[in-house]
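Residue-level structural notes
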Amino acid sequence: MLFKKKIIWLKLFESITAANNQLAVGKVTSIQVGKKKVCVAHTDSGFFAVNDKCPHNGASLGNGFCTNEGSVVCPVHRYHFDLKTGRAKSGGGYFVQNYPIEVRDDGVFIGFEETVWNLF
Ligand code: FES
């Protein structure tokens, strides 16, 4: 196989304490991470990240809000997207890219899957 998938981990927050201080439970925000702008949500179940751009009409999901049922809600037309799967729970068959988040001793990280050459 010429290509393989690899996850690149980038730091979102310096620590879990910093993450909790900057983003309270029930809140969402937009964060620029490298070349990507992501929407980060903090729910009762932890932190979640999806692409910030709403797949319906391009609004910033980080300007929306999250629900107790684990959705991020777009601020423009109120479509709901499941934070775990990225699937629209309302408003048709839309899908927003979701990204894994890991809490480590040295910070809170987001993972971006990349395709790389697999030469050896
Ligand atoms: S722009 Fe997000 S639901 Fe329409």
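Further up the page is the structure itself.
Here is a short report on the structure shown in this document. (Residues numbered from 1 in each chain as written. Predicted model: local features only at pLDDT ≥ 70, side-chain atom pairs only at ≥ 80, totals over all residues.)

1. Focus: the overall build of the protein
When helices and strands are counted, the protein shows 1 helix and 10 strands. In the protein, the succession of helices and strands from N to C terminus is β-α-β-β-β-β-β-β-β-β-β. Taken along the three principal axes of its C-alpha coordinates, the protein extends 45 × 35 × 20 Å. For the protein, the proportion of its 120 residues judged to be buried stands at 26%. (Helix = DSSP H or I, 4+ residues; strand = E, 2+ residues; numbered from the N terminus. Buried ≥ 20, exposed ≤ 12 C-beta atoms within 10 Å, placed from the backbone.)

2. As for the nonpolar core
Of all hydrophobic cores here, the largest spans 25 residues; its most connected members are C39, V40, A41, A49, V50 and V72. For this core, the secondary structure elements donating two or more residues are β1 (3-13), β3 (36-43), β4 (46-51) and β10 (107-117). Sequence-distant contacts of V72, that is, excluding residues within four places in its chain, are made with V28, C39, A41, V50, L61, G64, C66, F81 and L83. (Core = buried A, V, L, I, M, F, W, Y, C linked by C-beta atoms within 7 Å. Contact = placed C-beta atoms within 7 Å.)

3. Digging into the sheet that holds strand β6 (residues 71-73)
Read from one edge of the open sheet, 3 strands run β5-β6-β7, paired in antiparallel fashion. Because the sheet does not close on itself, it has two edges, and the strands there are β5 (65-66) and β7 (80-82). (Pairing = 2+ DSSP bridges.)

4. Remarks on the environment of G107
Here G107 shows up in strand β10. Residue G107 is classed as partly exposed on the basis of its C-beta count, with 17 C-beta atoms lying within 10 Å. For the pair G107 and N68, spaced 39 residues apart in sequence, the C-alpha separation works out to 25 Å. If we ignore the near neighbours within four places in the chain, the residues touching G107 are K11, F13, E14 and S15.

5. Structural notes on the pairing of strand β9 (residues 101-104)
Along any regular strand, the residues point their side chains to alternate faces of the sheet. Two strands pair when backbone bridges link them, and β9 and β10 are joined in this way by 4 bridges, in the antiparallel orientation. Note on β10: the bridge partner recorded for E102 is F109. Counted between consecutive antiparallel strands, the loop separating β9 from β10 contains 2 residues.

6. Here we look at the sheet that holds β9
One open sheet accounts for 3 strands, arranged β1-β10-β9; its pairing is antiparallel. Each edge of the open sheet is held by one strand with a lone partner, namely β1 and β9. When the angles between neighbouring strand axes are averaged without regard to direction, this sheet yields 35°. (Axes fitted to C-alpha atoms, helices over the stretch in contact; angles between N-to-C directions.)

7. What about the environment of G34?
Among the structural elements, G34 can be located in the loop between β2 (27-33) and β3. Along the backbone, G34 and E69 are 35 residues apart, and their C-alpha atoms lie at a distance of 30 Å.

8. What about the environment of N57?
Note that N57 resides in the loop between β4 and β5. For N57, a count of 11 C-beta atoms within 10 Å gives the class exposed. In sequence terms N57 and M1 are 56 residues apart; their C-alpha atoms lie 37 Å from each other.

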